There are 2 protein chains.
Amino acid sequence: MKPFFKKKIMNTEPDKSKELTASISLLNDKLHFKGKVDGNQPISIDYTPPLGDNLGYTSLELLLLSLSSCVGSAMLTFLRKMQKTITACDISAKGTRREEHPTCFKTIALYINLSSPDTTSEDLNKVLKLSEETYCPVWAMLKGNVEISVIHSINS
Amino acid sequence: MKPFFKKKIMNTEPDKSKELTASISLLNDKLHFKGKVDGNQPISIDYTPPLGDNLGYTSLELLLLSLSSCVGSAMLTFLRKMQKTITACDISAKGTRREEHPTCFKTIALYINLSSPDTTSEDLNKVLKLSEETYCPVWAMLKGNVEISVIHSINS
């Protein structure tokens, strides 16, 4: 029975290259949610007072993490294909909101700090261009609606 | 000195209605990141094998959580303004990716399950329309790039 069981388990695993799912559940009488994707630690999500109680990430902060990690992943994947050595990578994102509703981001600034002995500023600009134009799905979904800028520094 | 100190602390708190920040740091030699916003538990972010090791949320799953919680927050805020009683709220999101690069979501389906003794389907449609058109910033940032649909059920 074991091989069959194993096979069955594998068949029920989601193919994340095609479809992804996530869920949230309300935890209190304000706006505190538990966010969850199978196999991961839950994420505490909330809004600022008075509507929420600051008990977790806001929706817009999750969007900043989504964009930063998407850009970071595309960028690192390309740099490694170019045989570059990466010893550290930190990205900070700052989103500035519109004053009127919908209070979405007008602009998002990404500050990339890369440690690499053999990556030049030209290399980084090249892979960021590829990410923006083709390989970063989150960037693609924000295009036309949010102005995204990137500032980077490289420690060799 | 105490009042001055308190005032100083308050002045350094970020005004999230205007600007939000988040950061990620690479944790290994693949695509595992630690995501962070001050005051919150870090979020483990990773990609699927072979590029990543499935050690955390993918960027696209974070986007689904961002959208779900944004829609949920706008919807609940309006229903409460209408004096509705909400006893539970669960939202699942399913995003279907494009097959070509950028492999962003073609469509996102939100399944809203609300428990309320006094909310009608008409009420819910009304607040969802307001959220889509004006009050949900994440929805606004995806508009024109992703087709978002909502299916809901109400348990009275």
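Residues numbered from 1 in each chain as written. Chains lettered and ligands numbered in written order. Predicted model: local features only at pLDDT ≥ 70, side-chain atom pairs only at ≥ 80, totals over all residues.

## Focus: the overall build of chain A
The secondary structure content of chain A amounts to four helices and six strands. In sequence order, chain A lays out its α and β elements as α-β-β-β-α-β-β-α-α-β. In terms of overall size, chain A is more extended than a compact globule, its C-alpha atoms giving a radius of gyration of 19 Å where 156 residues would be expected to give roughly 15 Å. Across chain A, contacts joining residues at least 24 apart in sequence account for 48% of those joining residues at least 6 apart. (Helix = DSSP H or I, 4+ residues; strand = E, 2+ residues; numbered from the N terminus. Rg over C-alpha atoms; globule rule 2.2 N^0.38 Å. Contact = placed C-beta atoms within 7 Å.)

## Examining unusual backbone geometry
Cis rather than trans, the peptide bond between A:P49 and A:P50 has omega equal to 5°. Note that A:P50 resides in the loop between β3 (43–45) and α2 (59–81). Here B:H101 and B:P102 are connected by a cis peptide whose omega angle stands at -5°. The topology assignment puts B:P102 in the loop between β4 (88–97) and β5 (105–115). Unlike most non-glycine residues, B:N54 shows phi in positive territory, near 60°. Since 14 C-beta atoms lie within 10 Å of it, B:N54 is described here as partly exposed. (Buried ≥ 20, exposed ≤ 12 C-beta atoms within 10 Å, placed from the backbone.)

## So, the sheet that holds β5(B)
Reading across the sheet, the six strands line up as β3(A)-β2(A)-β1(A)-β4(B)-β5(B)-β6(B) and stay open at both edges, with mixed pairing between neighbours. In the strand order of this sheet, the two ends are held by β3 of chain A together with β6 (147–155) of chain B, each with one partner. Each neighbouring strand pair of the sheet contributes to a mean axis angle of 20°, computed without reference to strand direction. Note: strand β2 (residues 33–36) of chain A against β3(A), three bridges, orientation antiparallel. (Pairing = 2+ DSSP bridges. Axes fitted to C-alpha atoms, helices over the stretch in contact; angles between N-to-C directions.)

## What about the interface of chain B and chain A?
Contacts between the two partners involve 68 residues from chain B and, on the opposite side, 68 residues from chain A. Of all elements in the fold, only β1 (19–26), β2 (33–36), β3 (43–45), α2 (59–81), β4, α3 (121–135) and α4 (137–142) of chain B reach the threshold of two or more residues within the side of chain B that touches chain A. In terms of residue count, the dominant contributor to the side of chain B that touches chain A is α2(B) (15 residues). Here the residues of the side of chain B that touches chain A sort into 34 nonpolar, 26 polar and eight charged. Pairing between strand β1 (residues 19–26) of chain A and β4(B): seven bridges, direction antiparallel. Along β4(B), the bridge assignment pairs A:A22 with B:A93. (Nonpolar A, V, L, I, M, F, W, Y, C, P; charged D, E, K, R; others polar.)

## Quick look at the relation of the copies chain B and chain A
With an RMSD of 0.0 Å, the fit of chain B onto chain A corresponds to turning through 180° and sliding 0.0 Å along the axis. Overall, the copies show the geometry of a two-fold rotation axis. Looking at chain B, 100% of its interface residues are interface residues in chain A too, so the copies touch through the same face. (Least-squares fit on C-alpha atoms with pLDDT ≥ 70 in both.)

## Topic: the nonpolar core
Ranked by internal contacts, the top residues of the largest apolar core, which has 86 residues, are A:L64, A:L67, A:V71, B:L64, B:L67 and B:V71. Excluding residues within four positions of it along the chain, A:L67 makes contact with A:A93, A:I108, A:V138, A:W139 and A:L142. (Core = buried A, V, L, I, M, F, W, Y, C linked by C-beta atoms within 7 Å.)

## Looking at the pairing of β5(B)
Residues and elements named next belong to chain B. Here β4 pairs with β5 via 10 bridges, running antiparallel. Counted as the bridge partner of A93 is L110 from β5. As defined by bridge partners, β5 adjoins β6 across nine bridges and the pair is classed as parallel. Bridging from a neighbouring strand, T107 pairs with E147 of β6.

## Overview of the domain arrangement of chain A
Often, the extent of an interface is quoted as the loss of accessible area upon association of its parts. For chain A, the domain assignment lists domain 1 (21–57) and domain 2 (59–155). For domain 1 of chain A versus domain 2 of chain A, the distance between C-alpha centres works out to 25 Å. (Domains from an automatic or database assignment.)

## Some points on the sheet that holds β3(B)
Strands sit in the order β6(A)-β5(A)-β4(A)-β1(B)-β2(B)-β3(B) across an open sheet of six strands; the sheet is mixed. Both edges of this open sheet fall to β6 (147–155) of chain A together with β3 of chain B, since each of them pairs with a single strand only. Here the strands of the sheet are splayed against their neighbours by 20° on average, with no regard to which way each runs. Relative to the sheet, α2(A) contacts β4 (88–97) and β5 (105–115) of chain A together with β1, β2 and β3 of chain B, its axis offset from that of β1(B) by approximately 35°.

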